[in-house]
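# Close look at the chain arrangement
Here's the letter readout for the chains.
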Amino acid sequence: MKMSLRWFGEGHDSVTLEQIRQIPGVGGVITTLYDTAPGDEWALEDIQKMKKGVEASGLKIYGMESVNVSDEIKVGHAKRDEHIENYIATLKKLSDEGINMVCYNFMPVFDWTRSELAKVRPDGSTVLAYNQEKVDAIHPQEIFDHIDNDSNGFVMPGWEPERMGKVEELFHLYEDTDNEKLFQNLKYFLEAIMPTCEQYGVKMAIHIDDPVWSVYGLPRIVKNKMDLQRLVTEVPSEYNGVTLCTGSLSSKPDNDIPDIIRSLKGRIHFAHVRNTKHTAPGIFEESAHLSSDGSLDMYEIMKAFDEIGFDGPVRPDHGRAIWGEVSMPGYGLYDRALGSQYLLGLIEAIKKTK
Ligand SMILES: [Mn+2]
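None of these values were measured; they are calculated from a predicted model.

Another point: the overall build of the protein. On a plain count of helices and strands, the protein comes out with 14 helices and 12 strands. In terms of C-alpha radius of gyration, the protein reaches 19 Å, essentially the compact-globule figure of 20 Å for 354 residues. Along the longest, intermediate and shortest principal axes, the C-alpha atoms of the protein span 50 × 45 × 40 Å. Residue pairs at least 24 apart in sequence account for 73% of intrachain contacts in the protein once pairs closer than 6 positions are excluded.

In structure tokens form, the structure reads like this:
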């Protein structure tokens, strides 16, 4: 497994490449370009500039998170074929620059949802948290506003201000899209891009829905083992794979994560590993990576990744805000660095005790 950290790019991140470079065992970053709208083609110069900057620091780009899929593709709008053509063009450019793993999601309107970005834990650290009752009590527009207010001045991925201005419009766009239609649109998208992915060696990795149930009545199609099996069976190319996000899957404790990992042998192209603490159905908060700090058995999870021979990029996903650090919520340096070392320790122990 290749340990990495997500890095949002110059001007979008409080963490520097130089800092990431000093974390033992972290050889690369997962990054993205911010300035292109979903549906548009990425400019080669921007990709090259990003790559040059990362490589100058001694790190590599292990993959893109994300190349966002437009709402037009997700709902099957008249513009979808044009957007898919642009997506394909972007994949080719990334591959030409040696970037061969692309994370994306197929969630409508909201990329991910939390009711709090800085819930205070007993030790004074703060974490992202979710409480279904709190979400139900507020209008979707308010969620946008409050994520924007609490993001410490950073643009949260998936919550870009230009999307905030058109919440009503976005909900309207998805009015006729139920789970089945959304799945068929995902399948259409994947079948259209797979020949390019196969030719250029680009592995597509869909992120698990977060949380794994419908929010505000919107469809959700990447929630559990059954959904994932359907996805990899109906589009059988090995380039159609998954970003196995343990935190997202754990929003519902009946998702048996080690079992899901084993069931996806050869189809996991990227791993997000983090722990969450469950309080009650629909209520959870993010925790430190350590098993004993949350509800997940991280040793069993890492063992399952090792068993299936997963050798792609992994990142500690979110961390707590600790030691006074001010960063994009979930994406500080300190706790993700701690998490990476814990996960690397587990990996070393698993390998040596085999
Ligand atoms: Mn994730």
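The next subject is the packing of helix α4 (residues 80–96) against helix α9 (residues 179–200). One can describe the packing of α4 onto α9 by two numbers: an axis separation of 10 Å at closest approach and a directional angle of 20°. Judged by the inter-axis angle, α4 sits roughly parallel to α9. As α4 runs across α9, the sense of the crossing is right-handed. For the pair α4 and α9, the contacting residues are Ile84, Tyr87, Ile88, Leu91, Lys92 and Ser95 in the first and Phe189, Ala192, Ile193, Thr196, Cys197 and Tyr200 in the second. Taken together, the residues of the contact of α4 with α9 sort by class into nine nonpolar, two polar and one charged.

The subject of this paragraph is the packing of helix α13 (residues 298–307) against helix α14 (residues 334–352). Closest axis-to-axis distance for the α13/α14 pair is 10 Å, and the angle between their directions is 60°. By the angle class used here, α13 and α14 are oblique. Two packed elements cross with a definite hand, and for α13 against α14 that hand is right-handed. Judged by residue contacts, Met298, Tyr299, Met302, Lys303 and Asp306 of α13 engage Leu343, Leu346, Ile347 and Ile350 from α14. Class assignment of the residues belonging to the contact of α13 with α14 gives a composition of seven nonpolar, no polar and two charged.

A separate point is the environment of Gly247. Relative to the assigned elements, Gly247 resides in helix α11 (residues 246–249). Here the alpha-carbon distance between Gly247 and Asp317, two residues 70 residues apart in the chain, equals 8.4 Å. When neighbours within four sequence positions are excluded, Gly247 is seen to be in contact with His272, Arg274, Thr276, Glu286, Asp317 and His318.

The next subject is the nonpolar core. Soluble globular proteins tend to pack their nonpolar side chains together in the buried interior. Grouped together as the largest cluster of nonpolar side chains are 75 residues, with contacts concentrated most on Val29, Val102, Ile261 and Ile301. Ile261 has contacts with Leu244, Ile268, Ile301, Ala304, Phe305 and Ile308, leaving out every residue within four places of it along the chain. With 12 residues, the next largest nonpolar core counts Leu117, Val127, Leu128 and Tyr331 among its residues.

Before going further, it helps to examine the sheet that holds strand β12 (residues 313–315). What links the strands of a sheet is backbone hydrogen bonding, and the strands pair in either a parallel or an antiparallel sense. The strand order around the closed barrel formed by eight strands is β1-β2-β3-β4-β7-β8-β9-β12, and the pairing between neighbours is parallel. The average undirected angle you get between the axes of adjacent strands in this sheet is 30°.

On to α9. Spanning 22 residues, α9 covers 31 Å between terminal C-alpha atoms, matching the ideal 32 Å at 1.5 Å per step. The sharpest bend along α9 comes to roughly 40°, located at Ile193, with the proline Pro195 sitting one to four residues further on. For α9, the set of buried residues is Leu182, Asn185, Leu186, Phe189, Ile193 and Cys197. Buried residues belonging to α9 abut α3 (71–75), α4 and β7 (203–207). Once α9 finishes, Gly201 follows within two positions and takes phi at roughly 70°, a positive value.

Looking now at the environment of His83. In this fold, His83 is placed in helix α4. Residues His83 and Glu234 lie 151 residues apart in sequence; the distance between their C-alpha atoms is 22 Å. Setting aside residues no more than four positions away along its own chain, His83 makes contact with Gly39, Ser70, Glu72 and Ile73.

Attention shifts here to unusual backbone geometry. Along the chain, Glu65 connects to Ser66 via a cis peptide bond; the corresponding omega equals 0°. In this structure, Pro211 follows Asp210 across a cis peptide bond, with omega equal to -5°. Mapped onto the elements of the fold, Pro211 is located in the loop between β7 and α10 (225–234). Even without a glycine there, the phi angle at Asp317 is positive, about 55°. For Asp317, the location among the structural elements is in the loop between β12 and α14. Look at Trp323: it is not a glycine, yet its phi comes out positive at around 60°. Within the fold, Trp323 resides in the loop between β12 and α14.

A few words now on the pairing of strand β2 (residues 28–31). Residues of β2 alternate between two faces, with Gly28 and Ile30 on one and Val29 and Thr31 on the opposite face, all of them buried. Once you follow β2 into helix α2 (residues 44–56) and on to strand β3 (residues 60–65), the crossover reads as right-handed.

Reading the values: the criteria
- Residues numbered from 1 in each chain as written.
- Predicted model: local features only at pLDDT ≥ 70, side-chain atom pairs only at ≥ 80, totals over all residues.
- Helix = DSSP H or I, 4+ residues; strand = E, 2+ residues; numbered from the N terminus.
- Rg over C-alpha atoms; globule rule 2.2 N^0.38 Å.
- Contact = placed C-beta atoms within 7 Å.
- Axes fitted to C-alpha atoms, helices over the stretch in contact; angles between N-to-C directions.
- Parallel < 35°, antiparallel > 145°, perpendicular 65-115°, else oblique.
- Left-handed = near helix turned anticlockwise from the far one by under 90°.
- Nonpolar A, V, L, I, M, F, W, Y, C, P; charged D, E, K, R; others polar.
- Core = buried A, V, L, I, M, F, W, Y, C linked by C-beta atoms within 7 Å.
- Buried ≥ 20, exposed ≤ 12 C-beta atoms within 10 Å, placed from the backbone.
- Pairing = 2+ DSSP bridges.
- Expected span 1.5 Å × (residues − 1).
- Bend = angle between axes of the 7 residues up to and from the residue.
- Right-handed = clockwise from strand over helix to strand, strands pointing away.

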